[in-house]
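Descriptive analysis of the structure
Letter by letter, the chains look like this.
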Amino acid sequence: MEYPLFEVPGVGGGLLIAAVAIVHVVIAHFAVGGGFFMAIAHTLAVRRGDALLARYVKDHAQFLVLLAFVSGALTGVGIWFAIGIVSPAATSRLIHNFFWGWAAEWCCFAVEIVAGYVYYYGFHRLRPRQHLVVVWVYAVAAFLSLAIINGILTFMLTPSRWAEMIRGREAFHADWAFWLGLFNATYWPSLLMRSVSCLALAAIFVAVIVNLRANYTREERQRIINLGAYFMAPLALMIPAGVWYFAELPPAAQAKIQGGAVAMTLFFMFGLAASLLIAGYAYFGLIRGGRYINLETSLLLLAIAFIATGSMEFVREGVRKPYVIQDVLYSNGVPTYDGWPQRLQNEGGLVFMPFARAPGQSVADIRALPLHESGAYVYRAQCRACHEIDGFNGIRPLVAGKSRKLLLSILHELDAYGYMPPFLGDDYEMRALTEHLLKLSLGEAYVPISDEEYEKLLGDAGSRPREGAGGASGGEAG
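All of the points below concern the structure found in this document. (Residues numbered from 1 in each chain as written. Predicted model: local features only at pLDDT ≥ 70, side-chain atom pairs only at ≥ 80, totals over all residues. Heavy atoms only, no water.)

**Notes on the state of the cysteines**
To be explicit about the condition: Throughout, a disulfide means two cysteine sulfur atoms within 2.5 Å of one another. Each residue's exposure class comes from its accessible area (1.4 Å probe, protein chains only) as a fraction of the maximum for that residue type: buried when under 20%, exposed when over 50%, partly exposed otherwise.
With the rule as written, the count across this model stands at zero disulfides. Counting only cysteine sulfurs, Cys-107 is the nearest neighbor of Cys-108, a cysteine outside any disulfide, at a range of 7.0 Å. With no disulfide of its own, Cys-383 lies closest to Cys-386 among cysteine sulfurs, the gap being 8.9 Å. Classification of Cys-383 as buried rests on a relative accessible area of 18%.

**What about helix 13 (residues 295-318)?**
Under the convention used in this document: The secondary structure listing takes helices from DSSP runs of H or I that are at least 4 residues long and strands from runs of E that are at least 2 residues long, numbered from the N terminus. A helix's residues, less one, multiplied by 1.5 Å, set its expected span. Whether two residues are in contact is decided by their heavy atoms, any of which lying within 4.5 Å being enough. For this analysis, a polar contact is any N or O atom pair within 3.5 Å, provided that within protein one partner can donate a hydrogen and the other can accept it, and provided that sequence-adjacent residues contribute only side-chain to side-chain pairs.
Taking 1.5 Å as the rise per residue, helix 13 with 24 residues should run 34 Å; its terminal C-alpha atoms sit 34 Å apart, in good agreement. Along helix 13, the residues classified as buried are Ser-298, Leu-301, Leu-302, Ala-305, Ala-308, Thr-309, Gly-310, Ser-311, Glu-313, Val-315, Arg-316 and Gly-318. Where the residues of helix 13 are buried, they touch helix 1 (13-48), helix 5 (128-155), helix 8 (187-212), helix 10 (238-248), helix 11 (251-260) and helix 12 (262-287). Between the side-chain oxygen at the start of helix 13 and the backbone nitrogen of Glu-296 there is a gap of 3.3 Å, and the oxygen is on Asn-294.

**A look at the layout of surface pockets**
This is how it is decided: Throughout, the protein atoms alone are placed on a 1 Å grid, and a set of points is a cavity if a 1.4 Å probe fits but cannot get out or a pocket if it is open with protein on both sides within 12 Å along at least five of seven lines; lining residues have an atom within 4 Å of a point. Grid points are joined across faces, edges and corners, and a volume is the space filled by probe spheres set on the points.
In this structure, the second largest pocket spans a volume of roughly 530 Å³. Lining the second largest pocket are 28 residues, with Met-193, Met-238, Ser-275, Ala-308 and Met-312 positioned closest to its centre. Elements with a contribution of two residues or more to the lining of the second largest pocket: helix 8, helix 10, helix 12 and helix 13. Sort the elements by how many residues they give to the lining of the second largest pocket and helix 13 lands first, with seven residues.

**What about the nonpolar core?**
The line we're drawing: For our purposes a nonpolar core is just a set of buried Ala, Val, Leu, Ile, Met, Phe, Trp, Tyr and Cys residues, chained together by side-chain atoms within 4.5 Å.
Ranked by size, the top nonpolar core spans 76 residues in total, and within it Tyr-56, Tyr-119, Tyr-138, Phe-205, Met-232 and Leu-235 carry the most contacts. For this core, the element with the highest residue contribution is helix 8, accounting for 16 residues. Apart from residues no more than four positions distant in its own chain, Tyr-56 is found in contact with Phe-37, Phe-205, Val-206, Ile-209, Val-210, Tyr-216 and Ile-224. By size, the runner-up hydrophobic cluster in this structure holds 34 residues, among which are Leu-408, Leu-424, Met-430 and Leu-438.

**Re unusual backbone geometry**
Here Lys-321 and Pro-322 are connected by a cis peptide whose omega angle stands at 15°. Examined against the element boundaries, Pro-322 turns out to sit in the loop between helix 13 and strand 1 (323-325). Of note, Ser-160 is a non-glycine position whose phi angle comes to about 55°, a positive value. As for its placement among the helices and strands, Ser-160 is situated in the loop between helix 5 and helix 6 (161-166). Not every positive phi belongs to a glycine, and Asp-327 is a case in point at roughly 65°. Position of Asp-327 among the secondary structure elements: in the loop between strand 1 and strand 2 (329-330). With relative accessibility at 17%, the residue Asp-327 sits in the buried group.

**Let's talk about the pattern of salt bridges**
Rule in force here: Salt bridges are defined by distance alone: a side-chain nitrogen of Lys or Arg within 4 Å of a carboxyl oxygen of Asp or Glu.
Under the counting rule described, the total for this entry stands at 13 salt bridges. In this structure, Arg-320 engages Glu-317 in a salt bridge whose closest nitrogen and oxygen atoms are separated by 2.8 Å. Judged by its relative accessible area of 4%, Arg-320 falls in the buried class. Glu-388 is the partner of Arg-384 in a salt bridge, and the nearest nitrogen-oxygen pair spans 2.9 Å. Accessibility classification places Arg-384 together with Glu-388 in one group, the buried group.

**So, the packing of aromatic side chains**
Test applied: In this analysis, rings of Phe, Tyr and Trp, with Trp reduced to its six-membered ring, are considered paired at centre separations within 6.5 Å, and the interplanar angle assigns stacked below 30 degrees, edge-to-face beyond 60, and tilted for intermediate values. Only when the NZ atom of a Lys or the CZ atom of an Arg is both within 6 Å of the ring centre and within 35 degrees of the ring normal do we say a charge sits over the ring.
Enumeration over the complete set of coordinates arrives at 27 aromatic pairs. Here Tyr-187 and Trp-188 contribute two aromatic rings whose centre-to-centre distance is 4.8 Å and whose plane-to-plane angle is 90°, an arrangement assigned as edge-to-face. Judged by its relative accessible area of 4%, Tyr-187 falls in the buried class. Arranged with centres 5.2 Å apart and planes meeting at 10°, the rings of Tyr-323 and Tyr-330 form a pair that is stacked. Across this residue pair, the class does not change: Tyr-323 and Tyr-330 are buried. An aromatic cluster is present here, built from Phe-98, Phe-155, Trp-162, Phe-178, Trp-179, Phe-183, Tyr-187 and Trp-188 joined pairwise through their rings. Its end group placed over the ring of Tyr-419, Lys-256 keeps NZ or CZ at 5.5 Å from the ring centre.

The structure is reproduced here in structure tokens:
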């Protein structure tokens, strides 16, 4: 609430984060899975005296350095930049709670980068045993980095007992808060799914890389691709892992996937179907059939894998709405604990959201404006974190054709829809926001109403001012 609001007109901050994050996830998963492929392939090359594998792992390492280290680093920094400006309250919470986790992950990442460069530049310089040790150090460090980040990401959806402690429903144990947050309910099934995804992406990138290089015959490419195909075999674990993950989700998140939110259901099915298509092709076409994949087919498989990864990431983000951290922090940055919702409904949200106002502008100045103009500030404070006026998730199409009575009724029951927080402002701000939304809906046809007409409208809509400016939606919703 005390942070500036970063606005991306027409696109929205959420879509900005998604665009950067999905690309980074694919690259990061390849860095982990590709590391294990590189370590195993190099081990086999040394033990078998396989000159072809020895030649390929160097090409693989070069591609990994260029893609994972360069592009991965850029998109990784991009994620920090995006989440820091779009959702600063959640970013602050994650940094404070997982400070030592981030530090440990940075150490793993540093070891990963150093080992990767030493491995690549160690060809023909390191002894075979030293070279193997370095590549396995890289693979393990990359996986440990994934394991730590996985805990922080899953925490946002299932903080579990940590959320109960922070909300005062359980005694707070500082020594255990970090571990309870990290090893939350969905940690292990999510880690299994991400590990499977890493290996599958590694296999697909093997087909892409070997086809991009001109120094292999068709038979050599086929042998390398068929070896990589075995890394897709764990995709068979994706269904039981998905069932396990689903069983650990909060009931509200389960309901969204089961049809409560059509978009979540469809994207979940897209992700599952894409994973099964890749698994079926890998088993029947590559492992059993020993088929060859050309560059075009390998890129098609990569595109399907991108769809699968993006769909599952979209579902993970979407099912925790209306929270950015489940039961702890609403998507508009308002905490659910320490009585914050009730405080905003008693005193007004704009009092506690100074960056929704212009510099030097007071709440009294805003309330002196016409209602629909005051409502624009309320909208910026309460809704702009998720809704653009027009464009992605635009509010104008959502309110088009709705009457003042219906809009007022909706605002009184926002949290009943399962995707939005309750309205967190006093009765004046609710009325102002209603008028602003109606102005967006009607444009030049908008006509304000008197206080008496508004009071009558409240009665007709079945929406009375909330007692003490805070009713059922004003408590600690969770």
